[in-house]
Amino acid sequence: MKVSVAPLLKQSVGDHMDLHVQESPVDPRGDNAGLLDADITAFDADIKATHTDPGAYLEGGVRAEVAQQCVRCLRPIHSPVAARFAEQYYATERVETGAPMPSAPRDAKTIGSDFLIDLTPLIREEVILATPQAPLCRPGCRGLCPVCGEDLNERPHDHEPAPDARWAALEKLKDVKD
Ligand SMILES: [Zn+2]
Ligand SMILES: [Zn+2]
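The shown structure was predicted, so the numbers you read here are calculated from the model rather than taken from an experiment. (Residues numbered from 1 in each chain as written. Chains lettered and ligands numbered in written order. Predicted model: local features only at pLDDT ≥ 70, side-chain atom pairs only at ≥ 80, totals over all residues. Heavy atoms only, no water.)

## Describing the coordination of the zinc ion (ligand 1)
Line of reasoning, step 1. On the protein side, the zinc ion (ligand 1) has Cys 70 (SG), Cys 73 (SG), Cys 137 (SG) and Cys 141 (SG) as donor atoms, found 2.3 to 2.4 Å from it.
Line of reasoning, step 2. The coordination sphere of the zinc ion (ligand 1) comprises four donor atoms, whose angles at the metal cover 106 to 113°; the geometry is tetrahedral.
Line of reasoning, step 3. Look at where the donors of the zinc ion (ligand 1) fall in the sequence and you get C-x2-C-x63-C-x3-C. Taken together, the residues span a long stretch of sequence, with Cys 73 in the loop between β4 (55-69) and β5 (76-91) and Cys 141 in the loop between α2 (119-130) and α3 (165-177) at a distance of 68 residues.
Line of reasoning, step 4. Overall, the relative accessible area of 7% leaves Cys 73 in the buried class. (Donors = N, O, S within 2.8 Å, 3.2 Å for Na, K, Ca; no water. Tetrahedral: all angles 85-135°; square planar, octahedral: opposite > 155°, others 65-115°. Helix = DSSP H or I, 4+ residues; strand = E, 2+ residues; numbered from the N terminus. Buried < 20%, exposed > 50% of the residue type's maximum accessible area, 1.4 Å probe, protein only.)

## Some points on the sheet that holds strand β2 (residues 16-23)
Line of reasoning, step 1. Reading across the sheet, the five strands line up as β2-β3-β4-β5-β6 and stay open at both edges, with mixed pairing between neighbours. In this open sheet, the two strands that pair with only one neighbour each are β2 and β6 (109-111). Adjacent strand axes in the sheet meet at a mean angle of 25°, parallel and antiparallel pairs treated alike.
Line of reasoning, step 2. In the packing of α2 onto the sheet, the strands contacted are β2, β3 (40-51), β4, β5 and β6, and the crossing angle to β5 comes to about 130°. (Pairing = 2+ DSSP bridges. Axes fitted to C-alpha atoms, helices over the stretch in contact; angles between N-to-C directions. Contact = heavy atoms within 4.5 Å.)

## Quick word on α2
Line of reasoning, step 1. Helix length check: α2 (twelve residues) gives 17 Å between terminal C-alpha atoms against 16 Å at 1.5 Å per residue, within 8%.
Line of reasoning, step 2. When α2 is considered as a whole, its buried residues turn out to be Leu 119, Thr 120, Leu 122, Ile 123, Glu 126 and Val 127. Projected down its long axis, α2 shows its buried positions confined to an angular sector of 165°, all on one face.
Line of reasoning, step 3. Of the surrounding elements, those touching the buried residues of α2 are β1 (2-4), β2, β3, β4, β5 and β7 (116-118). (Expected span 1.5 Å × (residues − 1). Arc of directions from axis to C-beta.)

## Quick word on the layout of surface pockets
Leftover empty space is mapped by rolling, across the atoms, a probe with the size of a water molecule.
Line of reasoning, step 1. Each pocket or cavity is described by its volume, and for the largest pocket that value is around 160 Å³.
Line of reasoning, step 2. What lines the largest pocket is a set of 14 residues, and nearest its centre among them are Leu 9, His 51, Asp 53, Arg 94 and Met 101. (1 Å grid on protein atoms, 1.4 Å probe; cavity = no way out; pocket = protein on both sides within 12 Å on 5 of 7 lines; lining within 4 Å. Points joined across faces, edges and corners; volume = space filled by probe spheres on them.)

## Quick notes on the domain arrangement of the chain
Line of reasoning, step 1. When its domains are assigned, the chain resolves into domain 1 (2-141) and domain 2 (144-178).
Line of reasoning, step 2. Using only C-alpha atoms to locate each centre, domain 1 and domain 2 end up separated by 54 Å.
Line of reasoning, step 3. Taken together, the six residues of domain 1 in the interface contact four residues of domain 2.
Line of reasoning, step 4. Carbon and sulfur atoms make up 41% of the surface buried where domain 1 meets domain 2, a total of about 370 Å² over both sides. (Domains from an automatic or database assignment. Buried area = accessible area lost by both parts, 1.4 Å probe.)

## Description of unusual backbone geometry
Line of reasoning, step 1. The omega torsion of the bond from Ser 24 to Pro 25 falls at -5°, within 30 degrees of zero and hence cis.
Line of reasoning, step 2. Structurally, Pro 25 can be placed in the loop between β2 and β3.
Line of reasoning, step 3. Look at Phe 115: it is not a glycine, yet its phi comes out positive at around 55°.
Line of reasoning, step 4. In this fold, Phe 115 is placed in the loop between β6 and β7.

## With respect to the coordination of the zinc ion (ligand 2)
Line of reasoning, step 1. Those protein atoms acting as donors to the zinc ion (ligand 2) are Cys 145 (SG), Cys 148 (SG), His 157 (NE2) and His 159 (NE2), and they sit at 2.0 to 2.2 Å.
Line of reasoning, step 2. Geometry at the zinc ion (ligand 2) is tetrahedral, judged from the four donor atoms that bind it and their angles of 104 to 118° at the metal.
Line of reasoning, step 3. For the zinc ion (ligand 2), the donor residues sit on a single chain with the sequence spacing C-x2-C-x8-H-x1-H.

## Re the environment of Ala 45
Line of reasoning, step 1. The residue Ala 45 is located in strand β3 in this model.
Line of reasoning, step 2. Linking Ala 45 and Glu 23, residues 22 residues apart in sequence, is a C-alpha distance of 9.3 Å.
Line of reasoning, step 3. Contacts of Ala 45, omitting those with residues within four sequence positions, involve Leu 19, His 20, Val 21, Gly 61, Val 62 and Ile 123.

## A word on the pairing of β3
Line of reasoning, step 1. With nine of twelve residues buried, β3 is to be regarded as a mostly interior element.
Line of reasoning, step 2. As judged from the eight bridges shared by β2 and β3, these two strands associate in the antiparallel manner. Counted as the bridge partner of Gln 22 is Asp 44 from β3.
Line of reasoning, step 3. Bridge analysis of β3 against β4 gives eleven bridges, and the strand direction is antiparallel. Bridged to Asp 46 within β4 is Gly 61.
Line of reasoning, step 4. Where β3 hands over to β4, the hairpin turn is made up of three residues, counted between the paired strands.

Printed below as a string of structure tokens:
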């Protein structure tokens, strides 16, 4: 989702505007489709954009839902993820005159001549960082049976230890002796 900071940059330095953006579920053909690459299926963000000397400073928080899989039983789950962010964007030209601004530091995020800031990559990055690495469908999920692959939450069970071929051979010898 792109927001125009042109109106903000026409105000005094220190002025701010509040943004609220949300989409649930994220539309695969919409502006925020890039979030689906990170399995973000819904989000709700509150952002405060402040006019700073080099451009616009965006800070805020996002709550998102991320489609994941339980690492033990592989059941699909939706993890709620909350993240905070703060990012300085450097204007490359003056909004009133189009005159070039002093160049931004290397690797800095910049605002182009359209004065639009794309919020999608910002939200995406922060949500990815805050997403649990080894999610469980429930505390103490029993996972899948290593022998038959059945879900041990649904049908807790054990298997008889498999007969070992070497022991079977010894048993035969014993029979011969008797
Ligand atoms: Zn599970
Ligand atoms: Zn089993």
